[in-house]
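# A closer look at the structure
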Amino acid sequence: MRDQAAADARTARWAGLAGVVAGLAGLAIAGLTGWLTGPGGYPVTAVGELIIELLPAPLVNFGKETLGFADKPVLLTMIVLAVLLLCGLAGRLEYRRRFAGAAVFAGVALLGLLGVSAQPGITLPGYLPTVLGLVFGYLILGTLLDRLRRWRTAPSEDSLDRRRFLTWVLVTGAAAAVATVGAQLLTRATSAVQTARDRLALPAPAMPAPPVPADLGLPDLTPYVTSNDDFYRIDTALQVPVIDPADWSLSITGMVDNPFTIDYATLAAKPLVEHLATLTCVSNEVGGDLAGNALWLGFPIRDLLAEARPTDDADMVLSTSDDGWTASTPLEVLTDPDRQALLAIGMNGEPLPITHGFPVRMVVPGLYGYVSATKWVTELKVTTFAADQGYWTPLGWSARGPIKIASRIDRPAERTLDPGTVTVAGVAWAQHTGIAGVEVQIDGDAWQPARLAETVGPDTWRQWVFDWAATSGNHSIAVRATDANGDLQVADSAPPAPDGATGYHSISVRIR
Ligand SMILES: Nc1nc2c(c(=O)[nH]1)N[C@H]1C(S)=C(S)[C@@H](COP(=O)(O)O)O[C@H]1N2
Ligand SMILES: [Mo]
């Protein structure tokens with residue numbers, strides 16, 4: 001009897017070890033996924049930051065003073081130890097009853113997700129590290145415990161099954177340890193650049209932007225200026241390039257008389273321009289939200305090109321990103337003295353966020369992002385449309401991508417409303433030409449003019465608003481815009497490929 005109790009206790013310890021190893025593996029998977037999906041998603045760091053945020057300031061300061069620079073590593077180590085302790089418990093519980101450990105694993109992951117959700121600017125992929133860590137950690141726990149069961153319930157304890165279990169524990173533990181260290185090293189490079197970014201002070205613009213006009217400020221209406229956290233994001237790279245400004249340079253090559261290379265300090269020391277401009281993705285569907293308006297700080301690309309002196313037969317600039325992505329931009333657009341095509345280093349008063357092209361990207365008013373807005377840009381090759389193609393062109397998208405007139409209804413957001421005045425509002429854009437008018441149509445009746453908010457110029461979208469006297473029943477609301485040339489938005493529906501969607505955005509509402 002006593003022997004049995006002792007054997008059970010030993011088994012429980014082995015199950016605990018299996019739990020710890022599975023926890024290590026889960027953390028390693030979360031670490032590697034976190035490195036891939038970008039900053040903010042690693043649950044251990046996220047929970048650490050949440051704890052610091054929630055702790056009373058005196059306690060945080062005490063930690064800083066007593067532990068010096070080690071406060072963060074100490075906190076993170078404590079979190080990891082707590083997680084592994086709980087995983088050990090989960091292993092013991094799971095051995096006794098299937099899914100009993102799963103509850104503990106899920107609880108730990110839930111805390112991780114809570115931390116991640118508190119990270120600034122977190123997007124859906126940011127939750128992936130925790131979820132994958134949980135799922136694979138639990139699967140690994142199941143495998144280890146299967147091995148353990150076979151060993152501990154075998155007639156003779158000293159069997160092949162014992163060696164199998166121990167091998168699994170050892171191999172999994174070692175792989176998890178190696179992966180954790182690897183993920184740590186990879187992520188450290190990212191956080192070093194993050195720190196470099198946080199320490200950067202943007203130079204003051206030589207040419208500041210005019211003041212931003214009043215926002216209509218209606219609930220559910222897109223703000224005139226999009227915050228960096230809310231700005232849409234498109235990139236093909238699995239791993240976002242992480243570039244220290246000290247290591248960045250841009251080469252102007254190809255069909256130029258004076259090819260040269262410029263570094264970050266030289267670029268930032270040039271007289272910079274501030275310009276508010278709306279970026280739009282060609283993939284945006286009618287009514288979609290792949291557009292954003294930001295205050296960019298940068299140096300006019302035409303001034304760099306003037307220094308490089310393109311030859312007469314060139315008609316395109318192929319810009320290349322650090323990740324190999326390319327865009328084909330018409331040379332005449334980049335050299336146009338009336339268009340602020342920028343090599344941007346600032347976005348809404350901050351250095352570019354890493355995900356939006358830090359340290360340097362292109363912003364060209366009037367062209368879809370896929371043919372102009374190269375993030376992490378490192379080369380401008382002056383060439384021809386005949387000789388070169390951007391990333392998306394061979395994949396079936398147009399070589400040139402001027403932005404089409406578009407308009408969108410943002411509010412009402414609810415689909416069932418009370419009769420009376422309903423304030424319909426949205427945004428409309430026709431970058432570099434400008435929006436001159438927006439009209440609203442109720443149930444296919446006559447088009448009626450909406451009121452337009454102020455704008456700083458033709459390169460941004462405009463908010464619009466329309467007061468509708470709504471009566472009971474089902475209704476449809478449609479919107480269309482006219483640009484400053486007097487051209488009306490295209491009514492025929494077309495999908496985004498190959499050169500941008502067309503058609504009018506409409507919504508259906510029921511009035512009680
Ligand atoms: N390096 C790189 N730059 C890129 C892209 C990309 O995939 N890789 N996508 C482009 C596209 S299609 C658009 S619409 C804009 C989006 O910029 P944002 O992510 O800052 O909103 O970036 C452009 N620049
Ligand atoms: Mo795009």
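Below: a short report on this structure.

### Side note on a negative patch on the surface
There is a patch of like negative charges on the surface, built from Asp-257, Asp-312, Asp-313, Asp-315 and Glu-332. By the secondary structure assignment, Asp-315 is in the loop between helix H9 (301–308) and strand E5 (316–321). The partly exposed category is assigned to Asp-315, whose relative accessible area is 31%.

### Describing the site of ligand 1
Among the 19 residues in the neighbourhood of ligand 1, the closest are listed as Tyr-232, Thr-236, His-356, Arg-361 and Lys-375. Measuring from a nitrogen atom of ligand 1, one finds a side-chain N or O atom of Ser-321 at 3.1 Å. Contact distances for ligand 1 include 3.4 Å between an oxygen atom and a side-chain N or O atom of Trp-325. Starting from 530 Å² of accessible surface for ligand 1 in isolation, the protein chains cover 99%. Here the shell around ligand 1 is built from residues that sort into nine nonpolar, five polar and five charged.

### Observations concerning the environment of Trp-248
With respect to the element layout, Trp-248 can be found in the loop between helix H7 (160–199) and strand E1 (249–254). Since its relative accessible area comes to 2%, Trp-248 is described here as buried. As a C-alpha pair, Trp-248 and Trp-376 span 128 residues in sequence and 8.9 Å in three-dimensional space. If near-sequence neighbours (up to four positions away) are discounted, Trp-248 is found in contact with Ile-243, Ile-262, Asp-263, Tyr-264, Leu-267, Pro-359, Val-360, Val-377 and Thr-378.

The rules we used
Residues numbered from 1 in each chain as written. Chains lettered and ligands numbered in written order. Predicted model: local features only at pLDDT ≥ 70, side-chain atom pairs only at ≥ 80, totals over all residues. Heavy atoms only, no water. Patch = residues over 30% accessible without salt bridge, like charges linked within 9 Å, V, L, I, M, F, W, Y side chains within 5 Å. Areas by Shrake-Rupley, 256 points an atom, 1.4 Å probe, with all protein chains shown as cover. Salt bridge = Lys/Arg side-chain N within 4 Å of Asp/Glu carboxyl O. Lys, Arg positive; Asp, Glu negative; His and termini not counted. Charge placed at Lys NZ, Arg CZ, Asp CG, Glu CD. Helix = DSSP H or I, 4+ residues; strand = E, 2+ residues; numbered from the N terminus. Buried < 20%, exposed > 50% of the residue type's maximum accessible area, 1.4 Å probe, protein only. Near = heavy atom within 4 Å. Polar contact = N/O pair within 3.5 Å; in protein donor to acceptor, adjacent residues only side chain to side chain. Nonpolar A, V, L, I, M, F, W, Y, C, P; charged D, E, K, R; others polar. Contact = heavy atoms within 4.5 Å.

Note that every value here comes from positions in space, so none of it alone points to a role or purpose.
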